[in-house]
Amino acid sequence: MENNRNILIRKDRELDILTNYLINNNTPNSLILIGDRGIGLRDIAMSMATYLVNKNMSHDFESIKNLLLNNNHSNSPFLLLIEKIWLEDKKRFKNKIYREDLTYINDFFSTKDEHDQKRVCVIDSIDDLSNDGANSLLKIIEEPNQNSHFIIINYNQKSLIPTIRSRSQIVRFKSANKDYFFSSISKD
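Residues numbered from 1 in each chain as written. Predicted model: local features only at pLDDT ≥ 70, side-chain atom pairs only at ≥ 80, totals over all residues. Heavy atoms only, no water.

(A) Structural detail: the overall build of the chain. On a plain count of helices and strands, the chain comes out with eight helices and seven strands. Looking at the chain as a whole, 45% of its 188 residues are labelled buried. In the chain, once contacts between residues fewer than 6 apart in sequence are set aside, the share between residues at least 24 apart is 77%. (Helix = DSSP H or I, 4+ residues; strand = E, 2+ residues; numbered from the N terminus. Buried < 20%, exposed > 50% of the residue type's maximum accessible area, 1.4 Å probe, protein only. Contact = heavy atoms within 4.5 Å.)

Pasting the structure below:
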């Protein structure tokens, strides 16, 4: 599959793992995507979340993999994005994501709706969680229901607390080789 985005980030193995989760309908309740900033982890997480909540998407391997690569995500009432909050009065982002910023996750997952409707919470990124925020997230992850999924982005493995790591599946996106990156650009 020759796709410019795929050439630049060279993540076929990792994307195959995610695609297999989706095609086999066995996406873990908590999935952590680990990699460097700037390689598209948020876009991949949001595209994967869109696929999980949308019941009418195609189910063949190449279509799913293309969806992950093409930033094909949309707004959905079944998809929740947690990220640092912009403070308009101070013209900056909050320093951390705190426990009070996560309080509506329980309501999001407990809302009644269609039978077998999946709900996905994407956290960008776990590195930005305060200690109380990480402990609050851990309590939610510990008792998942069948149709609740977390896709958590992690840029700094040192900030990932062991208890969350132990309750999650991890997909590591390897760093791009600088020589390969520059040779890919020169070929284009």
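(B) Focus on the packing of helix H2 (residues 12-23) against helix H4 (residues 61-69). Taken N-terminus to C-terminus, the directions of H2 and H4 make an angle of 120 degrees; their axes are 9 Å apart at the nearest point. In this view, H2 runs oblique relative to H4, as classed from their interaxial angle. Seen from above, H2 lies across H4 with right-handed handedness. Residues Asp 12, Leu 15, Asp 16, Leu 18, Thr 19, Asn 20, Leu 22 and Ile 23 of H2 form the contact with H4, whose participating residues are Phe 61, Ile 64, Lys 65, Leu 68 and Leu 69. Split into classes, the residues belonging to the contact of H2 with H4 amount to eight nonpolar, two polar and three charged. (Axes fitted to C-alpha atoms, helices over the stretch in contact; angles between N-to-C directions. Parallel < 35°, antiparallel > 145°, perpendicular 65-115°, else oblique. Left-handed = near helix turned anticlockwise from the far one by under 90°. Nonpolar A, V, L, I, M, F, W, Y, C, P; charged D, E, K, R; others polar.)

(C) Quick peek at the nonpolar core. Among the nonpolar cores identified, the biggest contains 29 residues, and Leu 18, Leu 33, Met 48, Val 122, Ile 151 and Phe 173 are the most heavily contacted of them. Sorting the residues of this core by element identifies H2, strand E1 (30-34), helix H3 (41-53), H4, strand E5 (119-124) and strand E6 (148-154) as the ones contributing at least two each. In this view, Ile 151 contacts Leu 31, Leu 33, Ala 45, Met 48, Ala 49, Leu 52, Val 120, Cys 121, Val 122 and Ile 123; residues no more than four positions away in its chain are not counted. Of all hydrophobic cores here, the second largest spans 22 residues; its members include Leu 80, Ile 82, Ile 126 and Ile 164. (Core = buried A, V, L, I, M, F, W, Y, C linked by side-chain atoms within 4.5 Å.)

(D) Spotlight on the environment of Ser 63. Among the structural elements, Ser 63 can be located in helix H4. With a relative accessible area of 29%, Ser 63 lands in the partly exposed category. Along the sequence, Ser 63 and Thr 19 sit 44 residues apart, while their C-alpha atoms lie 9.3 Å from each other. Side chain to side chain, Ser 63 and Asp 60 meet in a polar contact 2.6 Å long. (Polar contact = N/O pair within 3.5 Å; in protein donor to acceptor, adjacent residues only side chain to side chain.)

(E) Region of interest: the packing of aromatic side chains. Enumeration over the complete set of coordinates arrives at three aromatic pairs. Every member of this aromatic cluster is reached through a ring pair, and the members are Phe 108, Phe 109 and Phe 150. When the ring centre of Phe 108 is taken as reference, the NZ or CZ atom of Arg 119 above it lies at 5.2 Å. (Phe/Tyr/Trp six-rings, centres within 6.5 Å; stacked < 30°, edge-to-face > 60°. Lys NZ or Arg CZ within 6 Å of the ring centre and 35° of its normal.)

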